[in-house]
Amino acid sequence: MARPKIALIGAGQIGGTLAHLIGLKELGDVVLFDVVEGVPDGKALDLAESSPVSGFDAKLVGTSAYAGIKGADVCIVTAGVPRKPGMSRDDLLEINLKVMEQVGAGIKKYAPKAFVICITNPLDAMVWALQKFSGMPRDMVVGMAGVLDSARLRHFIASEFDVSVEDVSAFVLGGHGDTMVPLAQYTTVAGIPLPDLVKMGWTTKKRVDEIFQRTRDGGAEIVNLLKTGSAFYAPAASAVAMAESYLKDKKRVLPCAACLKGEYGVKDRYIGVPVVIGAKGIERIIEVNLAKPERQMFEKSVAAVDGLIEACQRIVPAL
Ligand code: TXD
């Protein structure tokens, strides 16, 4: 059977890391696409030359023509510009919205059957626009943020308790921004919820609140350390987990930005919720019970996403 074809739209920091992880995990052949000519080809060649040493078989090619992504089974989108000094959030939104228009048209023409994972910021608005521009089924277009935010929380909890990250599970829902919602009840160590761990004296409520805040600020913490650019290893690993669940029909339960059709009282908005990803794309949206303060935070998060969508509609009224 032919290997799956995975198109990476955007061959920057995350795009290159995605290609490397996909190779190492032998998930399929990779096409790196970027508007900057030479970069995708250079990264693909460099990675292909690493394959004999690392011992993986995959075709890796670069392109600056959309025809190169033809027939892709999965498209992972990181194309766009990151924020630079002096740029407002709306400037970023405006530029990346135009990028989503091009990417949506390219995917629609050349890879209309693909499972599409959007990573570009501002995530909840960009994935919404990408689905509209591409006209692809909602269940086949998903945004990556929750897996990353939850991974950060899992890492902080595992370090706090000095236990394996494997035994920590966590759910961070809502939009990908300051209003994200970490769920204490659904954050567990070997199945023991965080509030019970507080009762058992493992930690304090104050400490839990500090860890939640560090999770919300997780992206900024990395940006401040790196000075140029944002996180890319953990974002790439998170998107690969989503792609793998689709390609292997693993039906993993992952927090992702999914288009809601009334769940959580929200319609036609992409927002982070737990979903099942399998061979049919988003196969199920899971509606968990939210405690009152969490529900209020979730609603605040939805309102923040609404603001971004309205900004998109001011720029492209047809959306
Ligand atoms: O959780 C999350 N969703 C995120 C999102 C976590 C971390 C970073 N997040 C966002 O991902 C970040 O704010 C950016 O919007 C994207 C990509 O991050 P990356 O670090 O990979 O950015 P780079 O290195 O700048 O790469 C972007 C590439 C770059 O090579 C550009 O030349 C290319 O995008 N680009 C384009 N490719 C195709 N088509 C168009 N129009 C285009 N414009 C720029």
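Everything below is about the structure shown above.
Report follows, based on the coordinates. Not measured: the values here are computed from a predicted model.

1. Some remarks on the site of the ligand
Alright, step 1. In the vicinity of the ligand, 25 residues are found, and the nearest of them are Gln13, Ile14, Asp34, Gln102 and Met144.
Alright, step 2. Contact between the ligand and glycine 12: an oxygen atom at 3.5 Å from a main-chain N or O atom of the residue.
Alright, step 3. Contact between the ligand and asparagine 121: an oxygen atom at 3.1 Å from a side-chain N or O atom of the residue.
Alright, step 4. Burial of the ligand by the protein chains amounts to 87% of its free accessible area of 860 Å².
Alright, step 5. For the shell around the ligand, the secondary structure elements donating two or more residues are helix H1 (13-24) and helix H3 (89-110).
Alright, step 6. When its residues are assigned to classes, the shell around the ligand shows 15 nonpolar, nine polar and one charged.

2. So, the side chain of serine 245
Alright, step 1. Checked against the element boundaries, serine 245 lands in helix H9 (residues 233-247).
Alright, step 2. Polar side-chain contacts of serine 245 include one of 2.7 Å to the backbone oxygen of isoleucine 277.
Alright, step 3. Beyond its immediate stretch of four places on either side in the chain, serine 245 contacts Lys250, Lys251, Arg252, Ile277 and Gly278.

3. Observations regarding the packing of helix H4 (residues 123-134) against helix H10 (residues 292-315)
Alright, step 1. For the pair H4 and H10, interaxial distance at closest approach is 9 Å and the crossing angle is 50°. When the axis of H4 is compared with that of H10, the two are oblique. Crossing geometry of H4 relative to H10 is assigned as right-handed. Contact residues: Asp124, Ala125, Met126 and Trp128 in H4; Val305, Leu308, Ile309, Cys312 and Gln313 in H10.
Alright, step 2. Across the contact of H4 with H10, the residue classes tally to seven nonpolar, one polar and one charged.

4. Digging into the pairing of strand E12 (residues 252-261)
Alright, step 1. Extensive coverage of E12 is indicated by the burial of seven of its 10 residues.
Alright, step 2. Where E12 meets strand E13 (residues 267-278), 10 bridges bridge the pair, whose relative direction is antiparallel. Residue leucine 260 lies in a different strand from E13, and its bridge partner there is arginine 269.
Alright, step 3. Between E12 and E13, which pair antiparallel in sequence order, lie five residues; one of them, glycine 262, sits at a positive phi of approximately 115°.

5. Let's talk about the sheet that holds strand E11 (residues 192-193)
Alright, step 1. Across the sheet, three strands lie side by side as E7-E10-E11; this open sheet has antiparallel pairing. Sheet topology places strand E7 (168-169) and E11 at the edges, where each strand pairs with a single neighbour.
Alright, step 2. Where E7 and strand E10 (residues 188-189) come together, two bridges link them in antiparallel fashion. Among the inter-strand pairings, valine 168 is bridged to a residue of E10, identified as valine 189.

6. So, the packing of aromatic side chains
Alright, step 1. The full count for this structure, using the stated rule, is five aromatic pairs.
Alright, step 2. A centroid spacing of 5.2 Å and a plane angle of 80° characterise the contact between phenylalanine 161 and tryptophan 202, whose relative ring orientation is edge-to-face. Of this pair, phenylalanine 161 sits in helix H5 (residues 146-161) while tryptophan 202 sits in the loop between helix H6 (194-199) and helix H7 (205-216), placing them 41 residues apart in sequence.
Alright, step 3. What makes phenylalanine 161 buried here is its relative accessible area of 12%.
Alright, step 4. Where phenylalanine 232 meets tyrosine 233, the ring centres are 4.5 Å apart and the plane angle is 35°; that geometry is what we call tilted.

7. Quick notes on unusual backbone geometry
A negative phi angle is the norm for most residues apart from glycine, just as the trans form is the norm for most peptide bonds.
Alright, step 1. With an omega dihedral of -10°, the bond running from asparagine 121 to proline 122 counts as a cis peptide bond.
Alright, step 2. By the element assignment, proline 122 lies in the loop between strand E5 (115-118) and H4.
Alright, step 3. We note that aspartate 162 has phi near 55°; this positive angle belongs to a residue other than glycine.
Alright, step 4. A relative accessible area of 71% means that aspartate 162 is categorised as exposed.
Alright, step 5. In this model, lysine 227 sits at a positive phi of 70°, which is unusual for a non-glycine residue.

8. A closer look at the environment of valine 172
Alright, step 1. One can find valine 172 in strand E8 (residues 172-173).
Alright, step 2. The spacing of valine 172 and leucine 254 is 82 residues in sequence and 10.0 Å in space, taken between C-alpha atoms.
Alright, step 3. If we skip the residues at most four places from it in the chain, valine 172 touches Gly146, Asp149, Ser150, Leu153, Met180, Val181, Pro182, Thr215 and Pro255.

9. Examining the pattern of salt bridges
Alright, step 1. Per the counting criterion, the structure on display carries 16 salt bridges.
Alright, step 2. One salt bridge in this structure joins lysine 248 and glutamate 244, with 2.8 Å as the shortest N-O distance.
Alright, step 3. Its relative accessible area of 14% is what places glutamate 244 among the buried residues.

10. Considerations on the pairing of strand E2 (residues 29-33)
Alright, step 1. Judged by how many residues are buried, E2 sits mostly within the fold: five of five residues are covered.
Alright, step 2. Alternating residues of E2 divide into Asp29, Val31 and Phe33 and Val30 and Leu32, and every residue in both groups is buried.
Alright, step 3. Inspection of the sheet shows strand E1 (residues 5-9) paired to E2 by five bridges, in the parallel sense. The residue bridging leucine 8 from the neighbouring strand is leucine 32, located in E2.
Alright, step 4. With H1 bridging E1 and the parallel E2, this β-α-β connection has right-handed handedness.
Alright, step 5. Bridge count between E2 and strand E3 (residues 60-63): four bridges; the pairing is parallel. Bridged to phenylalanine 33 within E3 is threonine 63.
Alright, step 6. You can see the chain leave E2, run along helix H2 (residues 39-54) and come back into E3, and the turn it takes is right-handed.

Criteria and cut-off values
- Residues numbered from 1 in each chain as written.
- Predicted model: local features only at pLDDT ≥ 70, side-chain atom pairs only at ≥ 80, totals over all residues.
- Heavy atoms only, no water.
- Near = heavy atom within 4 Å.
- Polar contact = N/O pair within 3.5 Å; in protein donor to acceptor, adjacent residues only side chain to side chain.
- Areas by Shrake-Rupley, 256 points an atom, 1.4 Å probe, with all protein chains shown as cover.
- Helix = DSSP H or I, 4+ residues; strand = E, 2+ residues; numbered from the N terminus.
- Nonpolar A, V, L, I, M, F, W, Y, C, P; charged D, E, K, R; others polar.
- Contact = heavy atoms within 4.5 Å.
- Axes fitted to C-alpha atoms, helices over the stretch in contact; angles between N-to-C directions.
- Parallel < 35°, antiparallel > 145°, perpendicular 65-115°, else oblique.
- Left-handed = near helix turned anticlockwise from the far one by under 90°.
- Buried < 20%, exposed > 50% of the residue type's maximum accessible area, 1.4 Å probe, protein only.
- Pairing = 2+ DSSP bridges.
- Phe/Tyr/Trp six-rings, centres within 6.5 Å; stacked < 30°, edge-to-face > 60°.
- Salt bridge = Lys/Arg side-chain N within 4 Å of Asp/Glu carboxyl O.
- Right-handed = clockwise from strand over helix to strand, strands pointing away.

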